[in-house]
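Remarks on the overall topology
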Amino acid sequence: MKLRDIFSFRDPPDSETSKPFLEHLEDLRWTIVKMAITLLVTMVACFAFRQQLVLILQRPLREVGGQVGALRALGITDSITVSFHLAFYAGIVVSFPLLLYFLAEFVLPALTGVEKRFLFPAIGVSFALFLIGVACCYYWLLPKTILFFFHDTESLGWSPMWTVQEYYSFVTRFVLGFGLAFELPVVVLALVRFGLVTYEFMARTRPYAVVLIFVLATIITPTPDVLTLVALSLPMCLLYESCIWIAWFMQRRAAEKRSE
């Protein structure tokens, strides 16, 4: 198989019934295989740098100084288990643009030539937003959250003794959840672009969207405290509000083009 076949969009059907269901399943299977191989390769590469990954994710602990002490490994296989988890999550981050592209190959086979030229910039913007969310969480929110829980534990008269399993599970889910939350504008604008959502609908359903954002933030955040919930929900609400105005601008430009 040639390299261009791997990165080529599947052929769109001539009509709704021209392509058998089994062929759609074959396209889906091939898409899943490409995404799985991409993720596996990046996981292996990230696993080779597991010591560096461990040091990077332990950096926020410096915010509380040496009071926490060393993380404790309670399980015999913790070193391998945690390393695999870190390699998996790091692999998602590294391969994120390719995963998006392979998904677009399957979901959007009928794109025109002009739309396909905009696909790579769109994936670049999506990846940039993802990295911005990860960076904001890692450098700003995560150290404050760890410090909050450290002092809250001490206020109850307990001595914080965190295990490697608990710490890395908390950090990876928290950071990736925040990064995925920053993908909201891309999702919304894609829905607007394909006519599934309008500016009027988004403005009218703003209160329901805010409630939904808080529900999603509750699911994403690994802890039930209000501080973390608000810290994740507020940027998502601001992003949603910006999407409303961008949708208004997109619809206005489309209307001007139709009137010309």
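As shown above, the structure is provided for reference.
Structural notes, computed from the coordinates. Note that the structure is a prediction, hence the values are computed from the model and not measured.

This brings us to the overall build of the chain. Secondary structure summary: the chain contains eleven helices and zero strands in total. Going from the N terminus to the C terminus, the chain shows its helices and strands as α-α-α-α-α-α-α-α-α-α-α. For the chain, the proportion of its 260 residues judged to be buried stands at 36%. In the chain, the proportion of contacts linking residues at least 24 apart, taken out of those at least 6 apart, comes to 85%.

An α-helix turns once every 3.6 residues. As a result, residues three or four positions apart point the same way. When we look at burial in helix H8 (residues 184-193), the residues that qualify are Leu184, Pro185, Val188 and Val192. Angularly, the buried residues of H8 cover 95° about the axis, an arc narrow enough to put them on a single face. Among the residues trailing H8, Gly195 stands out with phi positive, at a value near 75°.

Moving on, we get to the pattern of salt bridges. Inspection of the entire model under this criterion finds one salt bridge. For the salt bridge of Glu241 with Arg206, the shortest nitrogen-to-oxygen distance reads 2.8 Å. Here Arg206 lies in helix H10 (residues 206-220) and Glu241 lies in helix H11 (residues 226-259), a separation of 35 residues in the sequence. Using a relative accessible area of 27% as the deciding quantity, one classes Glu241 as partly exposed. You can call Arg206 partly exposed: its relative accessible area is 29%.

What counts and what doesn't
- Residues numbered from 1 in each chain as written.
- Predicted model: local features only at pLDDT ≥ 70, side-chain atom pairs only at ≥ 80, totals over all residues.
- Heavy atoms only, no water.
- Helix = DSSP H or I, 4+ residues; strand = E, 2+ residues; numbered from the N terminus.
- Buried < 20%, exposed > 50% of the residue type's maximum accessible area, 1.4 Å probe, protein only.
- Contact = heavy atoms within 4.5 Å.
- Arc of directions from axis to C-beta.
- Salt bridge = Lys/Arg side-chain N within 4 Å of Asp/Glu carboxyl O.

None of this, on its own, says anything about what the molecule does.
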